[in-house]
Number of protein chains: 2
Amino acid sequence: MIERDDISDALRLTVITDPDCGAGRSITEVVAAALEGGARCIQLRAKESTAREMVALGRKLRELTLGAGALLIVNDRLDVALAIGADGVHLGDDDLPVGAVRRAVPPGLLIGRSADSEDIARTAERDGADYLGVGPIFPTTSKPDAGAAAGIGLIERIVAATRLPVVGIGGIEPESAADIVRAGAAGVAVIRAVMCAGDPAVATADFLAATDPAALAR
Amino acid sequence: MIERDDISDALRLTVITDPDCGAGRSITEVVAAALEGGARCIQLRAKESTAREMVALGRKLRELTLGAGALLIVNDRLDVALAIGADGVHLGDDDLPVGAVRRAVPPGLLIGRSADSEDIARTAERDGADYLGVGPIFPTTSKPDAGAAAGIGLIERIVAATRLPVVGIGGIEPESAADIVRAGAAGVAVIRAVMCAGDPAVATADFLAATDPAALAR
C-alpha cells in the first residue's frame, strides 16, 4: 500500500483507462501490462458506463493494483471509489466539490482535482485536495470536451501557485513528459499513449524513464 | 429526524423530483409545497444533471426536509447523498450493488432498491436494503425506460417474498394508491402526480389521506 506522503512518486505516471481505446484488448489486460511496466497509479475513467459496470471493472483493477502496490483512483464517482475500496477520487468542474468530499469521506482517501487556472488550484488546495491534474497541456483527442491546449507555461504557473503535486495531462508523449517534470510537475497522466500503445508495458516504462527525477537531474 | 424504525410511515408517500416537470416552478418550490402538504419522504432524482448540479439542488432540499422532519433520499448517486448529508440512497439495476453500499457507508444510511421480481427483492433484503421500490405498477410516462406495467399483483408477490417495506411506483393516482396499500405496500412513490399537480400541497395531502392505514382499516 502506498502511503499518502509517497504519492508524488506514484504520480510520475497516471495511466487513465478509456473504454474507447482497447484495440481488441480488455482494459484489465492493458492495465496489467502497464503495472508490469512499472505504473504505480491507475485511474479508472469510464464516463459512458453505469455505476454497476464501473464497480465490476473497478474490482478487477483493485485486485491488480493491490497486487502491484499501485494506487487506484476513480474518476468522478466517489461512490464507486468507496464501493471498490479505491485509494482516491479525481474530480473535475462538473463533479462533486472537493470540500464536500473531504468532509464526507475518511481522511485517508486521496482527492485529485482538475485545474486549468491558478484560482481553481488554490481553491482545491484550500478545500483539501491532495494533487492537481493540470491541462490540457497539448492538443488531445481522448477528451473531446477538454479546452484549448495551454502549453507547459500552465504547469509553471500552477506549480508556483500551490504546494500540491501537479500532474500534467493532455497529448503528452515521453519526450514532452520530461519537459513537464522539468517545469515542476510530479508527473504526467496519459490515456491513449499507454492504452493504445502497441506494447503498453514498454510505453509505461518509457514514460517512467522520462519522468525519473534522478535521471532528469543528471 | 426520522428514526430508521419509523420509515414505513414516512414511506406512505415518496415525492420524486423530476427536472422535466416543473411547470414553471422551481423544484425547490414544489418540494416545499409537498412538505407543506405533509410529505415525509423526498427523493432527489436528476438523471440528466451533473454531480455538481445535484449537490447544489440537494443542499436546498436537505435544508427544506430537515426543517420539515422529512427523509431525503438520493436516486443513484451515493456520493451526492454523502456530500449533502442525505438520509439514504435509492439504487436500481444499473446502480451500485446494495451489498457494496452497505459495506461502504455508515450503518444509519437508508438503502432503497428498485425491484420488479421476487428474486431481486430477496437479494436486496439479504444484502441489507431497507425498503423496496416496486413497479411500474401502472403505465407511466415519467420514466421511459421502465418496463411494462406489472399491476398490483406484483406488490402482493413481493410483499409475500420479503419483510421489507414496499413502495409501489408507476402511474399511481390517489385512488390506486389506496389499492396498493391494501395489497400490503407501505406506500407509493410518485413523480408527475405531485411535481406537475396544479397544487402540489393538495395533491400530496390527497395521497397521504389515501394511504393512511387507519383510514383504510375503517
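Residues numbered from 1 in each chain as written. Chains lettered and ligands numbered in written order. Predicted model: local features only at pLDDT ≥ 70, side-chain atom pairs only at ≥ 80, totals over all residues. Heavy atoms only, no water.

Q: Explain unusual backbone geometry to me, using residue names and the numbers behind them.
A: All names here are of chain A. Of note, the bond from Gly-135 into Pro-136 is cis; its omega dihedral lies within 30 degrees of zero at 0 degrees. Turning to its location among the elements, Pro-136 is positioned in the loop between β6 (131–134) and α7 (153–161). Its identity as a non-glycine residue notwithstanding, Asp-76 has a phi of 75 degrees, on the positive side. If you trace the backbone, Asp-76 turns up in the loop between β3 (71–75) and α4 (78–84). Take Asp-76: its relative accessible area is 13%, and that puts it in the buried class. (Helix = DSSP H or I, 4+ residues; strand = E, 2+ residues; numbered from the N terminus. Buried < 20%, exposed > 50% of the residue type's maximum accessible area, 1.4 Å probe, protein only.)

Q: Could you give me a rundown of the relation of the copies chain A and chain B, with the residues and numbers involved?
A: Expressed as a screw operation, the relation of chain A to chain B combines 0.0 Å of axial shift with a rotation of 180 degrees, fitting to an RMSD of 0.0 Å. Taken together, the turn and the small shift mark the pair as related by a two-fold rotation axis. Scanning chain A for the C-alpha nearest the rotation axis identifies Asp79(A), at a separation of 2.3 Å. By residue overlap, the copies meet face to face through one surface: 100% of the interface positions of chain A are interface positions in chain B. (Least-squares fit on C-alpha atoms with pLDDT ≥ 70 in both. Contact = heavy atoms within 4.5 Å.)

Q: Break down the pattern of salt bridges for me, with residues and values.
A: By the definition in use, this model includes 22 salt bridges over all chains. Residue Arg163(A) is joined to Glu125(A) by a salt bridge in which the shortest nitrogen-to-oxygen separation is 3.6 Å. Residue Arg163(A) is found in the loop between α7 and β7 (166–169), and its partner Glu125(A) is found in helix α6 (residues 118–127); the two are separated by 38 residues along the sequence. The exposure class assigned to Glu125(A) is partly exposed, which follows from its relative accessible area of 22%. Taken together, the shared-partner salt bridges in this structure form one network comprising Asp76(A), Arg77(B) and Asp79(B). (Salt bridge = Lys/Arg side-chain N within 4 Å of Asp/Glu carboxyl O.)

Q: An account of the interface of chain A and chain B is requested, with residue identities and associated values reported.
A: When the parts come together, some accessible area is lost, and that loss is often what is quoted as the size of the interface. On the side of chain B, 22 residues touch chain A, which itself brings 22 residues to the contact. Of the roughly 1800 Å² buried at the junction of chain A and chain B (both faces included), carbon and sulfur atoms supply 57%. When residues of chain A are sorted by the area they lose upon contact with chain B, Arg52(A), Asp79(A) and Leu96(A) head the list and together hold 32% of the total. Where chain A packs against chain B, one counts 2 salt bridges. Among the ionic pairs, Asp76(A) bridges to Arg77(B), the shortest N-O distance being 3.3 Å. The interface formed by chain A and chain B holds 10 residue pairs in polar contact (both at pLDDT 80 or more) in total. The set of elements that each furnish at least two residues to the side of chain A that touches chain B consists of α3 (51–68), α4 and α5 (98–104) of chain A. Class assignment for the residues of the side of chain A that touches chain B results in 10 nonpolar, 2 polar and 10 charged. (Buried area = accessible area lost by both parts, 1.4 Å probe. Polar contact = N/O pair within 3.5 Å; in protein donor to acceptor, adjacent residues only side chain to side chain. Nonpolar A, V, L, I, M, F, W, Y, C, P; charged D, E, K, R; others polar.)

Q: Pulling in residues and values, what's your account of the packing of α6(A) against α7(A)?
A: All names here are of chain A. The geometry of α6 relative to α7 is characterised by a closest axis approach of 9 Å and an angle of 35 degrees between their N-to-C directions. The two elements α6 and α7 meet at a crossing, and its hand is right-handed. Across from Glu-118, Ala-121, Arg-122 and Glu-125 in α6, the residues of α7 making contact are Arg-157, Ile-158 and Ala-161. In terms of residue class, the contact of α6 with α7 is built from 3 nonpolar, no polar and 4 charged. (Axes fitted to C-alpha atoms, helices over the stretch in contact; angles between N-to-C directions. Left-handed = near helix turned anticlockwise from the far one by under 90°.)

Read these as layout, nothing more, since geometry by itself doesn't imply function.
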